[in-house]
Amino acid sequence: MIKTIELTKVFRTEEVETTALNKVSFEIREGEFVAIMGPSGCGKSTLLNILGLLDNPTGGQYNFLDKEVSGYSEKQRANLRKRNIGFVFQNFNLIDELSVFENVELPLIYLGYSASERKKRVEEVLEQMQIMHRKNHFPLQLSGGQQQRVAVCRAVVAKPHIILADEPTGNLDSTHGDEVMNMLETLNKNGTTIIMVTHSQRDASYSQRIIRLFDGQIVTEDKTTEFVLTAAAQ
Amino acid sequence: MLFHYIRNLFRNFQKQKANALINILGLALGIGVTLLIWVFLLHEFSYDRFWEHHDRIYRIHTEIQLGRGKPLEVPTTFYPISELAMREIPEIENAVRFTSYYMNPAFSYEDRSVNLPGVIFSDSTFFDIYSIDFIAGNRHDALSDPGSLVLTESSAQLLFADPLDALYRVVQIQDEPFHVTGIIEDLPENTHLSFSALGSEAFLPEQVKVSGTNFYTYLLLHPDADPSKVEEKLYEISNRHIAENPLYEGLLFETELSLMPVGDIHLRSGLMWEMRDNGSIRTVYLFGFLSVFILFVAIINYINLATARSTLRSKEIGIRKVSGAHRATLIKQVMTESFIVSLIAFMLAFVLTELLAGYFSHNFNLYLQSSLLFRLEGIFAITGFFILTVILSGLYPAFYLSSIDTIKTIRGEPHRGRKGQIFRRALVVFQFAITIFVISSLMVITRQMHYVRDYDLGFDKEEVLVIRNVSSRLAQSYASLKAELESHSRIKSVAGSTYMFDGNNRVDLVAEDGVSKESGVTCEIIYVDYGFLDLMNIEIEEGRNFHADSEMDINSAFILNRQAVDALGFDEPLNKTLDLFGVTGPLIGITTNFHFKSLHQTVEPMAMIYFSSGFPHLYLKVTPGDMVPLHHDITAMLHSIDPSYVPDIEYLEQTINMVYQQENQTAGLLSAGAVLAFVIALLGVYGLAAFSAERRTKETGIRIILGAGLNQLLWTFNRESVLLVILALLVAAPVSWVVMDQWLGSFAYRIVINPLWFLLSGFIVLLMSSAIISAQAWIVKRSNPVNSLRSE
């Protein structure tokens, strides 16, 4: 589903050249739940932005759904993104001026769904995520956990193939964090591919595989279960 | 999608009420004032463009070079030109000529009598050229009989309860019977024509027709005719007419005839002897520019506030992008917002225009009908204007906002928009520059108007009352009327004259008798009673005044002004015998160069001749005091001779001030424009300052914690605006200087522009903007710095 070959991203300013990703190659198959881990500044978010088609690499190849997309224009990327990828962010990124319903509805508007279809789909997903009773509230009236649940609703409402989650529990307490992780796990079990950037070992334990980055390079690719067993044995 | 955009916009309004209010109100004010100016401009441009054949009607103007004087251009021509032109120039389809004959005559029917100004006597072709509707009568033969008369509806109404009753009645004008053959609709406001009744040209005595350029003459050209070719042929015709007319023998003058399209007369003629006051193309341009400036100031506010808010909206834009919005979709969204804001602003602006139109019509004597905007040309203009506003106000914010870096915003990094800041500063400089331009221009205009008002004209304008346009009956009874008026305790002296500050004088060649007319000089000729110069306190530099009732002096002796004597080049002028078209007599006195016309013009040569009666205007030197009883007494005296005369009495000072009415109107409108431009710009400053304070909350908190006092904070906040005002001053001052120097160029007597006025304008702008910015800084200073540090 996703394959990168020697993916490179270099940021240049007038004085400094920083290599954020250095020849990163890996593959993610459909239905996988993959966690990307590593210390701050190791290139996790840069990688997620490229995987999410928010940014282009400066070198290497990126195959998305069997298409080489590294040279795509912003418009082409936007088209591909809105049909196939859902995003969940650490800081929720809900629009404060829009209600819960309207926030979740947003991707469907850009996909050109009719109002009745949008209503049906949004209510379905709100129901599923048990936040229907808050549909007319605004983000600032919700708890962090509820906000993230709304964000997950928004990420899945268009039934994307992949969900990219950037530290989805970073701003939540452990109870709400677990709640969100359980939601992601359920989505994965239902067939959605999930790629998640995280600092948390606990969150990473929900994934099937961990890609560890350091200074823009992959240092290990573990099976999570093995890692958890190893950790437990130690 | 559209509904989604609208809903989103109103949510944003709710969240940022002050910002929304500034945005909409600023734009509405700008658009409202612009629309108001457009109402004025549309009216000015509508003059005489409603006639059915307006694009083919031309008026003949005559330029005459008499002797050594300056050439004289008048909007009239010789009587025979129209006939000769019709006969000899195939490009002409039709022609009409007319002139006025009676001076403020009395119209009477049975026991009713009124004075009506403006009776013209015209060819029967008048209604073939001017498409005026008849309420009663037949347009084709209404003027065919010498005794026929066509009344306007309101003139007819003054004599008859039902204007239609006037048809076929016989009314008297100065005791001459006229047969009413038609009632026409009143002339619209937007025409250069002015009359209350039309008689037939055949009624006029021959002496009016044989010489002089007394006839307004209009040609209707064939659709494909070339006016310049017609002008060439007219030149030949007029000079042949002069050469063949025995009355002009020995006068040696040249003429040149030109054509002016009827639609241009109101704004571009500006000649003496017009039927009514003209507008000015300069004023139209000035207000055209002003409207564009004010609109720019308002649009700049919108752009500035919209882009400044980008830091607050960057998150929303980022999320939309991540959710699948293309850049084009976002541009569409911001443009839709601009469309809706503009729509609301336009609706408010219409209300504002209606209110302002009422105020200005009433206070500045301007014709402002906002209904003009809803005529076809107005609707086209407004639609274009609306689209322009939407594009100008929306385009930059749309591209700017849609270009925000998605990755940074979704990661919660605030958008700083440095590139946008430079652009915003440039726009603020432009806004300040316009404000400085308008304020400094207003200063120059106000100073010039004060200068004009206080200028020593060379005669007393205080305590002089003028009875204007007396009836023929009063003019004939001048001696007895004068004696009766002078018997009043508050009237010191009375003198008649043909002269009126805002009126037209006869212009003719004055030359030394027996010497070639080539050495003569074109002079304005006025006829005065012997006491006129004393009453007006006009100084006689050399020689003497007219002697009362001296047979030697009446209609014979000349008094010239210094300018005329200099132009004639006399070394020893007194007692030289002068000639004015058959009148010969000695030069007995020379006056100073008093300003008998507005200060727009230099003092021209003038000749005064002593007449004993028949004056259209009476000058009264009165003692100061309550005007009402005096007016009442004077009216009673006038009515004892002519009960039908409608008194037209005013102070000379008022007449003089009226000459500058257009400038005063300009100053009035400009001051309103200046105030509004300033208010709109300040609204923008307020919006930006409030936004800047909000954005700099954290910075301010850190500064306060590190020990910054209020003064230091004020300087931090104001530093930028000081620089921007200085830049704006550098841009505005030279432009304002050049434009105002041009405007002052229309005055022969004018002030010198003081550079300090520009500095003062800049200082006013700086003071007001600093006050607003400082208020914001003070609010931030009062807040708890700990809270400030939690922001972002």
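Everything here concerns the structure above.
The shown structure was predicted, so the numbers you read here are calculated from the model rather than taken from an experiment. (Residues numbered from 1 in each chain as written. Chains lettered and ligands numbered in written order. Predicted model: local features only at pLDDT ≥ 70, side-chain atom pairs only at ≥ 80, totals over all residues. Heavy atoms only, no water.)

Novice: Would you explain the overall build of chain B in this entry?
Specialist: Counting its secondary structure elements, chain B contains 25 helices and 24 strands. Here the C-alpha coordinates of chain B stretch approximately 105 × 60 × 50 Å along the principal axes. The buried share of chain B, reckoned over its 792 residues, is 57%. Counting contacts in chain B only where the partners sit at least 6 residues apart, residues at least 24 apart contribute 80% of the total. Accessible surface computed for chain B: about 33200 Å², of which carbon and sulfur atoms make up 57%. Within chain B, one finds 60 positive and 83 negative side-chain charges whose respective centroids are separated by 24 Å. (Helix = DSSP H or I, 4+ residues; strand = E, 2+ residues; numbered from the N terminus. Buried < 20%, exposed > 50% of the residue type's maximum accessible area, 1.4 Å probe, protein only. Contact = heavy atoms within 4.5 Å. Areas by Shrake-Rupley, 256 points an atom, 1.4 Å probe, with all protein chains shown as cover. Lys, Arg positive; Asp, Glu negative; His and termini not counted. Charge placed at Lys NZ, Arg CZ, Asp CG, Glu CD.)

Novice: Help me understand the overall build of chain A in this model?
Specialist: Within chain A, the regular secondary structure consists of 8 helices and 10 strands. On C-alpha atoms alone, chain A measures out to a radius of gyration of 18 Å, which is about the 17 Å that the 2.2 N^0.38 rule sets for 234 residues. Dimensions of chain A along its principal axes, counting C-alpha atoms only, are 50 × 45 × 35 Å. Expressed as a percentage of the 234 residues in chain A, the buried residues total 56%. In chain A, once contacts between residues fewer than 6 apart in sequence are set aside, the share between residues at least 24 apart is 66%. (Rg over C-alpha atoms; globule rule 2.2 N^0.38 Å.)

Novice: When you look at the sheet that holds strand S5 (residues 67-68) of chain A in this model, what are you seeing that I'm missing?
Specialist: To summarise the sheet geometry, strands pair through backbone hydrogen bonds and adopt either a parallel or an antiparallel arrangement. Residues and elements named next belong to chain A. Sheet architecture is open: 4 strands sit in the order S2-S1-S4-S5, paired in antiparallel fashion. Two strands bound the open sheet, and with one partner strand each, they are strand S2 (17-28) and S5. Pairing analysis gives 2 bridges linking strand S4 (residues 59-64) to S5, with the strands arranged antiparallel. In the strand pairing of S5, Asn63 is matched with Glu68. Contacting strand S1 (2-12), S2 and S4, helix H1 (residues 44-51) runs over the sheet at an angle of about 120 degrees to S1. (Pairing = 2+ DSSP bridges. Axes fitted to C-alpha atoms, helices over the stretch in contact; angles between N-to-C directions.)

Novice: Mind showing me how you'd approach the interface of chain B and chain A here?
Specialist: Accessible area lost when the parts come together is the quantity often used to give the size of an interface. Taken residue by residue, the interface counts 25 residues in chain B and 27 residues in chain A. Here chain B meets chain A over a buried area of about 2400 Å², counting both sides, of which 58% is carbon and sulfur. The largest per-residue losses of area from chain B upon contact with chain A belong to Arg11, His326 and Ile410 of chain B, which jointly make up 23% of the total buried on that side. Taken together, chain B and chain A are joined by 4 salt bridges. Across the pair Arg7 of chain B and Glu105 of chain A runs a salt bridge whose closest N-O atoms are separated by 3.6 Å. Our count for the chain B to chain A interface comes out at 7 residue pairs in polar contact (both at pLDDT 80 or more). Of the residues assigned to the side of chain B that touches chain A, the class counts are 6 nonpolar, 11 polar and 8 charged. (Buried area = accessible area lost by both parts, 1.4 Å probe. Salt bridge = Lys/Arg side-chain N within 4 Å of Asp/Glu carboxyl O. Polar contact = N/O pair within 3.5 Å; in protein donor to acceptor, adjacent residues only side chain to side chain. Nonpolar A, V, L, I, M, F, W, Y, C, P; charged D, E, K, R; others polar.)

Novice: So what exactly am I meant to see when it comes to the nonpolar core here?
Specialist: Nonpolar side chains in soluble globular proteins generally cluster together in the buried interior. Of all hydrophobic cores here, the largest spans 147 residues; its most connected members are Ile31, Phe459, Tyr499, Phe532, Met536, Met608 and Tyr619 of chain B. For this core, the element with the highest residue contribution is helix H21 (residues 661-695) of chain B, accounting for 17 residues. Grouped together as the second largest cluster of nonpolar side chains are 38 residues, Ile163, Met196, Tyr206 and Ile210 of chain A included. (Core = buried A, V, L, I, M, F, W, Y, C linked by side-chain atoms within 4.5 Å.)

Novice: What is the right way to read empty space enclosed by the protein from this model?
Specialist: Regions of empty space are outlined by a rolling probe, equal in size to a water molecule, passed over the atoms. Scanning the model with the defined rule gives 5 cavities of 30 Å³ or more in all. Along the walls of the largest cavity sit 16 residues, with Leu9, Asn23, Arg309, Arg313 and Glu337 of chain B positioned nearest its centre. Those elements giving two or more residues to the lining of the largest cavity turn out to be helix H1 (2-15), helix H2 (17-46), helix H9 (281-308), helix H11 (327-364) and helix H12 (376-402) of chain B. Residue lining of the second largest cavity: 13 residues in total, with Ile85, Gly86, Pro107 and Arg154 of chain A together with Ser323 of chain B positioned closest to the centre. For the lining of the second largest cavity, the secondary structure elements donating two or more residues are helix H2 (74-84), strand S6 (85-89) and helix H5 (144-156) of chain A. Looking at which element gives the most residues to the lining of the second largest cavity, the answer is S6 of chain A, with 4 residues. A class-by-class count of the residues in the lining of the second largest cavity yields 8 nonpolar, 2 polar and 3 charged. (1 Å grid on protein atoms, 1.4 Å probe; cavity = no way out; pocket = protein on both sides within 12 Å on 5 of 7 lines; lining within 4 Å. Points joined across faces, edges and corners; volume = space filled by probe spheres on them.)

Novice: Teacher, can you tell me more about the environment of Ala158 of chain A here?
Specialist: Residue and element names in this part refer to chain A. Within the fold, Ala158 resides in the loop between H5 and strand S7 (162-166). We classify Ala158 as buried; its relative accessible area is 14%. Here the alpha-carbon distance between Ala158 and Gly86, two residues 72 residues apart in the chain, equals 7.9 Å. The contact partners of Ala158, leaving out residues within four places of it in the chain, are Leu108, Leu111 and Arg121.

Novice: I'm lost on the environment of Asn93 of chain A in this one. Help?
Specialist: Tracing the chain through its elements places Asn93 of chain A in the loop between S6 and helix H3 (100-110). For Asn93 of chain A and Gln148 of chain A, which are 55 residues apart along the polypeptide, the C-alpha to C-alpha distance reads 8.8 Å. When near neighbours in sequence (up to four residues on either side) are disregarded, Asn93 of chain A contacts Arg154 of chain A together with Lys315, Ile319, Thr409 and Ile410 of chain B.

Novice: Even after reading the chapter, I still don't get the packing of aromatic side chains, so can you show me in this structure?
Specialist: Centre distance and the angle of the planes are the two values used to describe a pair of aromatic rings. Residues and elements named next belong to chain B. Under the definition given, this model contains 43 aromatic pairs over all chains. Aromatic pair Phe546 and Tyr610: ring centres 5.4 Å apart, planes at 35 degrees, arrangement tilted. Separated by 64 residues along the polypeptide, Phe546 in the loop between strand S18 (540-543) and strand S19 (558-561) and Tyr610 in strand S22 (residues 606-610) bring together distant segments of the chain. Judged by its relative accessible area of 4%, Phe546 falls in the buried class. According to the relative accessible area criterion, Tyr610 is buried, its value standing at 0%. Put simply, the rings of Phe50, Trp51, Phe98, Phe126, Phe127, Tyr130, Phe134, Phe195, Tyr216 and Tyr218 touch in pairs and so form one group of aromatic residues. (Phe/Tyr/Trp six-rings, centres within 6.5 Å; stacked < 30°, edge-to-face > 60°.)

Novice: It is not clear to me how the side chain of Ser769 of chain B should be interpreted in this structure. Could you clarify?
Specialist: Residues and elements named next belong to chain B. Looking at where Ser769 falls in the secondary structure, it is placed in helix H24 (residues 755-782). Exposure remark for Ser769: the relative accessible area of 0% places this residue in the buried category. Polar side-chain contacts of Ser769 include one of 3.1 Å to the backbone oxygen of Leu766. Residues within four places of Ser769 in sequence aside, it is in contact with Phe432, Leu682, Val685 and Val725.

Novice: What am I meant to see in the pattern of salt bridges here?
Specialist: Between side chains of opposite charge, a pair can form when the charged atoms approach closely. Within the structure shown, the criterion is met by 42 salt bridges over all chains. Note that Lys209 of chain B is salt-bridged to Glu201 of chain B, the shortest N-O span being 2.8 Å. Overall, Lys209 of chain B belongs to the buried group, its relative accessible area being 7%. On the basis of relative accessibility, which here comes to 10%, the residue Glu201 of chain B falls in the buried class. Shared partners join several salt bridges into a network, and the residues in it are Glu102, Glu105 and Arg118 of chain A together with Arg7 and Arg11 of chain B.

Novice: Can you help me understand the pairing of strand S20 (residues 577-580) of chain B in this one?
Specialist: The two faces of a sheet get side chains in turn, since along a regular strand they alternate between them. Residue and element names in this part refer to chain B. Relative to S20, strand S16 (residues 506-512) is paired through 2 bridges, and the arrangement is antiparallel. Note on S20: the bridge partner recorded for Glu512 is Leu578. Looking at chain direction, S20 and strand S21 (residues 583-591) are connected through 4 bridges and run antiparallel. By the bridge assignment for S21, Leu580 is matched with Val583. Joining the antiparallel neighbours S20 and S21 is a turn of 2 residues, in which Phe581 adopts a positive phi near 45 degrees.

Novice: Sorry, what's going on with the pairing of S7 of chain A here?
Specialist: Residue and element names in this part refer to chain A. The buried count for S7 comes to 5 of 5 residues, which makes it a mostly enclosed element. On S7, burial covers both faces: Ile162, Leu164 and Asp166 on one face and Ile163 and Ala165 on the other are all buried. As judged from the 5 bridges shared by S6 and S7, these two strands associate in the parallel manner. Paired with Val88 across the two strands is Ala165, which belongs to S7. Looking at chain direction, S7 and strand S8 (residues 193-197) are connected through 5 bridges and run parallel. By the bridge assignment for S8, Ile163 is matched with Ile194. Between the parallel elements S7 and S8, the chain passes through helix H6 (residues 174-189) in a crossover that is right-handed. (Right-handed = clockwise from strand over helix to strand, strands pointing away.)

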